[in-house]
Structure formats: C-alpha cells, structure tokens
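If you want the building blocks of each chain, they are given just below.
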Amino acid sequence: MKPDLQQKFSELFGQPATAAFFAPGRVNLIGEHIDYNGGLVLPCAITFGTDLLVAENKEGIFRFRSLDFDEQLDIPLLEAYTKNGGDWFNYPLGVMQQFLGHKKSIKGLDMLFKGDVPVASGLSSSASIEIVTAFALNETFNSGFTKLELAQLGKKVENDFIGVNSGIMDQFAVAFGEKEKAIELNCDTLNYKIVDCKLQDYVLAIINTNKPRQLSESKYNERVAECQTALKDLQKELKIANLCAIDTATFNKYEHLIENDVVKKRARHVIEENDRVKEATQVLASGDLTRFGQLLYASHASLKDLYEVTGVELDTIVDFCKTQQTVAGARMTGAGFGGCAIALVKHDAFDEFSKNLTKFYTEKVGYECAVYNSLIGNGVKRV
Ligand code: GLA
C-alpha cells in the first residue's frame, strides 16, 4: 500500500485503509472501432492507472473521495442508483448499481481514488476506475464474480449508466493486461490470445493531443449507429451477426447492398481494420516491427479518411512521425476525436523525438501536446 495514500486515507476517513487495489489504463495497438463490431483488437495495459484504498465503515455510507477531483459523494445504500451529473464518481456508482442489479450484498465503504491516467485522453481512465472499483467490491464482499464478469459489468456501466454504447475492449484490457504483452481479443467470442510484445530497440510513445474533448460521446454513438445500419443492409443477402464476420474480399462483393455512401465508408474501415489486426498480430509475434509500423500508419489513414474520427491534432502527430526515420509507425488510439496517438520510436531517439514533435505540434495546433514513454503493465490487482 502506498504510504502517502494510506496517510491521506486516514486523514480523510479517521480510520486506516484495510485493502488497496490498482487497475491500469490501456492503449490499443491496432483494431480501432472494432470491438462493437465483433472483431479482433490488440490492446495492452499500461503502467499508468488508478489506485483505490478502501475500508468498511459502520455507518453504512458509501463515501467517494478522489485526490484528483474536488467533487465528492456520500450516499447510503439504496435499492438503485442513477447517474448524477457528469462527475467522476458516477463510474464507481454505476459499478455499485451493477452489483445491486446482480443481487450482491454490499455494505458501507470508505473509498479513496488516485489516478495518473490523463483524464479524457483516450487511455481509458474510466475503464480503469470502473474495473478497480468492481475488483475491490468483489474482493471486499466476496461477490464471486470472475474477472471476465467484472469486465462485462464495467461495459454495462458505460452502456446503461453513463450512456456510451462502447464495446468490451477497454475493460477487458484493464482486467486482463500482462506486463510486456498485448492481448488479441476476439470481441465476438471473447476468446483471447496473449501476444509477446517485444519492441526490440523501440519504445512505445504515447502522445496526448491535449485537445479539449467535445461531443466525443455523441459522435462515438453516431459511429456505432452507422455500423448497425451497414450491418442491416448487408444482412439483406448475407447471414452475418456482425460486420467483422466478413473479410475485405467478401465486402468488396457485397458493398453495393449498403445504400448510404458514408455508411459504406464506415463499414469498409471496420472490415479492413479487422483484417489488419490479423496480420499485425502475426508480424508482432515474429518480430517484424517494420511491417507492424506500416500497419499502424494504414490504420490511422483509414480512421482519418473512412471513419473520420481523427482531426487536425491527431493527424499532425502522425504526419510528423512519417517524416522521422526513427519512427516505425504511428496511429491514433482509442475512440479518437482528440485523445492520444501512439508511436513506435527508436529508444535512443526518444528525447529528440519528443522535443521536435512538441515544437512541430505547438506551431501547428497552437498549444502543446504531451509525450509519455509508457511501459506495458499488468491488469487489475490487489496491492
Ligand atoms: C473507446 C471505447 C472502446 C472502443 C474504442 C475504439 O475506447 O470505449 O470500446 O470502441 O473507443 O476502438
């Protein structure tokens, strides 16, 4: 347990924490806007994450505190909870709602959160909070959920409580991540494969656009709806349950079934991206980082031109990367509309890369980006 957090906990609640938990954030290496279309994604957990310290209290109150936000909540055990404004504590509150919905018995708990995943940056700070809360409740009250069930429950929080129609990728990666490994997850069957992520003399740079995120949730839901329309059109002749059930060659034959041209572009991205993930997993496992990098660039181009979720900030980062011999590949990661990009950068060149990119970005965009050298870490755990 981190001593500074332990001390803060005692100050805030007048009793020591009895247990501590940690859940990471994530990056997705490739396979974007695929999870809600039943295809393959390749995320990994990162070493940034959320710490949660807890202790039961006798008053039967759930007390939410965070060292990152001023807003706090004290709430008794109710039969059900609903979303309460836009504050951070809605994520753990949504998790409590899920536990109650599954008839699990929970009791008053003091909770202190502290995270270092940049908020609203596309690195899944929300999934990190959801999963650390779900894991902590599960352990504290012996609720008996499996890790997969906790990930599924986190997704339900997003879908039913927060109102984002997201897929399972983020919560799954946060729950199942492993140090220096990526996860190839089939979002239809939920079968997964742990893939060695040996980056040789490269490091994984994460670049935060620092773009204020606006309307990203409604635009996200719009993309989900467009994919549903594409699927419906294709189902006129094809017996498929999701877009990723077909490959690019099959799509080429049947794309005429899709009436709307914008919807057709969205579907093409999804189906081609899914094919890219298959190849990316193979080349990553065989250590061919040159090809892997080309696939990252191809993914970004498709998210820019076909899926239209990048924007000038993310494009500026990737455009800069393309001019650098020390970069193997780069792309946006997560939902897009701002947020973060990832780049595979030669280890020795990282500092120079970071300095030059920041200068280039600031000149073009008007404010600074942040560059992190991130490590691939473990999934949720007790600490
Ligand atoms: C967000 C969602 C995920 C996934 C990505 C895009 O991170 O939460 O479910 O759809 O966007 O790949």
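Residues numbered from 1 in each chain as written. Predicted model: local features only at pLDDT ≥ 70, side-chain atom pairs only at ≥ 80, totals over all residues. Heavy atoms only, no water.

Moving on, we come to the overall build of the protein chain. Looking only at helices and strands, the protein chain features 11 helices and 13 strands. A compact globule built from 383 residues should have a C-alpha radius of gyration of about 21 Å, and the protein chain, at 21 Å, falls within 12% of that. Viewed in the frame of its principal axes, the protein chain has a C-alpha envelope of about 65 × 55 × 40 Å. Put simply, the protein chain has 383 residues, and 58% of those count as buried. When contacts within the protein chain are restricted to residue pairs at least 6 apart in sequence, those whose partners lie at least 24 apart make up 70%. When the accessible area of the protein chain is evaluated, it comes to approximately 15900 Å², of which 48% is carbon and sulfur surface. Of note, the protein chain has its 42 positive side-chain charges centred 2 Å away from the centre of its 51 negative side-chain charges. (Helix = DSSP H or I, 4+ residues; strand = E, 2+ residues; numbered from the N terminus. Rg over C-alpha atoms; globule rule 2.2 N^0.38 Å. Buried < 20%, exposed > 50% of the residue type's maximum accessible area, 1.4 Å probe, protein only. Contact = heavy atoms within 4.5 Å. Areas by Shrake-Rupley, 256 points an atom, 1.4 Å probe, with all protein chains shown as cover. Lys, Arg positive; Asp, Glu negative; His and termini not counted. Charge placed at Lys NZ, Arg CZ, Asp CG, Glu CD.)

One pass over the structure, following the stated rule, counts 32 salt bridges. A salt bridge links D74 to R65; the shortest N-O distance between them is 2.8 Å. Take R65: its relative accessible area is 11%, and that puts it in the buried class. A salt bridge links R291 to E279; the shortest N-O distance between them is 2.6 Å. Residue R291 is located in helix 9 (residues 289-305), and its partner E279 is located in helix 8 (residues 261-285); the two are separated by 12 residues in the primary sequence. Residue classification places R291 among the partly exposed positions, given a relative accessible area of 28%. (Salt bridge = Lys/Arg side-chain N within 4 Å of Asp/Glu carboxyl O.)

Our focus in this paragraph is the site of the ligand. Taken together, R26, E32, H33, D35, Y36, S166, G167, M169, D170, Y220, G334 and A335 make up all the residues around the ligand. Between E32 and the ligand, the recorded distance is 2.5 Å, taken from a side-chain N or O atom to an oxygen atom. Taking D35, its side chain carries an N or O atom lying 2.5 Å from an oxygen atom of the ligand. For the ligand, whose free accessible area comes to 310 Å², the fraction covered by protein is 91%. Residue assignment places the shell around the ligand across two domains, with domain 1 (3-197) and domain 2 (202-374) each supplying three or more. (Near = heavy atom within 4 Å. Polar contact = N/O pair within 3.5 Å; in protein donor to acceptor, adjacent residues only side chain to side chain. Domains from an automatic or database assignment.)

Strand order across the open sheet formed by four strands is 10-11-9-12, with antiparallel pairing between neighbours. Only two strands of the sheet have a single partner each, and these edge strands are strand 10 (327-333) and strand 12 (370-374). Within this sheet the neighbouring strands show an average axis-to-axis angle of 25°, counted without direction. Pairing of strand 10 with strand 11 (residues 340-346), which is carried by six bridges, proceeds in the antiparallel orientation. Opposite A330, over in strand 11, you have A343 as the bridge partner. Together, strand 9 (202-208), strand 10 and strand 11 form the strand contacts of helix 10 (residues 312-322), whose direction differs from that of strand 10 by roughly 170°. (Pairing = 2+ DSSP bridges. Axes fitted to C-alpha atoms, helices over the stretch in contact; angles between N-to-C directions.)

On to the side chain of S143. As for its position among the elements, S143 is in the loop between helix 3 (125-140) and helix 4 (147-162). Discounting residues that sit within four places of it in the chain, S143 has contacts with F99, K104, L137 and N138.

Turning our attention to the nonpolar core. The biggest cluster of nonpolar side chains holds 97 residues, and the ones touching the most others in it are F62, F64, F99, I207, L234, A343 and F353. At eight residues, helix 3 tops the list of elements feeding residues into this core. Looking at which domains feed residues into this core, each of domain 1 (3-197) and domain 2 (202-374) supplies at least three. Setting aside residues no more than four positions away along its own chain, F62 makes contact with L73, D74, I75, P76, L77, Y81, M96, I106, K107, G108, L109 and M111. Grouped together as the second largest cluster of nonpolar side chains are 31 residues, V195, C197, C340 and I342 included. (Core = buried A, V, L, I, M, F, W, Y, C linked by side-chain atoms within 4.5 Å.)

Within strand 1 (residues 19-28), 10 of the 10 residues are buried, which leaves it mostly tucked inside the rest of the structure. In terms of strand pairing, strand 1 meets strand 3 (residues 43-56) through nine bridges, oriented antiparallel. The partner of F21 across the bridge, within strand 3, is L52. Strand direction decides the pairing type here: strand 1 and strand 13 (residues 381-382), joined by two bridges, are antiparallel. Bridging across to strand 13, F22 finds its partner in K381.

The next point concerns helix 4. It helps to recall that an α-helix has 3.6 residues per turn; residues three or four apart then point in one direction. End to end, helix 4 covers 21 Å across 16 residues, agreeing with the expected 22 Å (1.5 Å per residue, within 8%). Restricting attention to buried positions, one finds in helix 4 the residues L150, A151, L153, G154, V157, E158, N159, F161 and I162. Structurally, helix 4 contributes buried residues whose contacts are with helix 2 (90-101), helix 3, helix 5 (169-176) and helix 6 (216-234). Two residues or fewer after helix 4 comes G163, characterised by a positive phi angle close to 100°. (Expected span 1.5 Å × (residues − 1).)

This part is about helix 11 (residues 350-365). Helix length check: helix 11 (16 residues) gives 21 Å between terminal C-alpha atoms against 22 Å at 1.5 Å per residue, within 8%. Among all positions of helix 11, only F350, F353, S354, L357, T358, Y361 and V365 are buried. Each buried residue of helix 11 sits inside an arc of 125° when the element is viewed along its axis, so together they form one side. Facing away from the buried side of helix 11, by more than 90 degrees, are the exposed residues D351, K355, K359 and E363. (Arc of directions from axis to C-beta.)

Turning to the domain arrangement of the protein chain, a few remarks are in order. We note that the domain assignment places domain 1 (3-197) and domain 2 (202-374) within the protein chain. Contact with domain 1, which involves 37 residues of that partner, is made by 40 residues of domain 2. Interface area, domain 1 with domain 2, both sides summed: about 3000 Å², of which 65% is carbon and sulfur. At the boundary of domain 1 with domain 2, the tally comes to one salt bridge. Across the domain 1-domain 2 interface, the total number found is 16 residue pairs in polar contact (both at pLDDT 80 or more). Those elements that provide at least two residues to the side of domain 1 that touches domain 2 are strand 1, strand 2 (40-41), strand 3 and strand 8 (192-196). Looking at the side of domain 1 that touches domain 2 residue by residue, the classes come out as 17 nonpolar, 13 polar and seven charged. (Buried area = accessible area lost by both parts, 1.4 Å probe. Nonpolar A, V, L, I, M, F, W, Y, C, P; charged D, E, K, R; others polar.)

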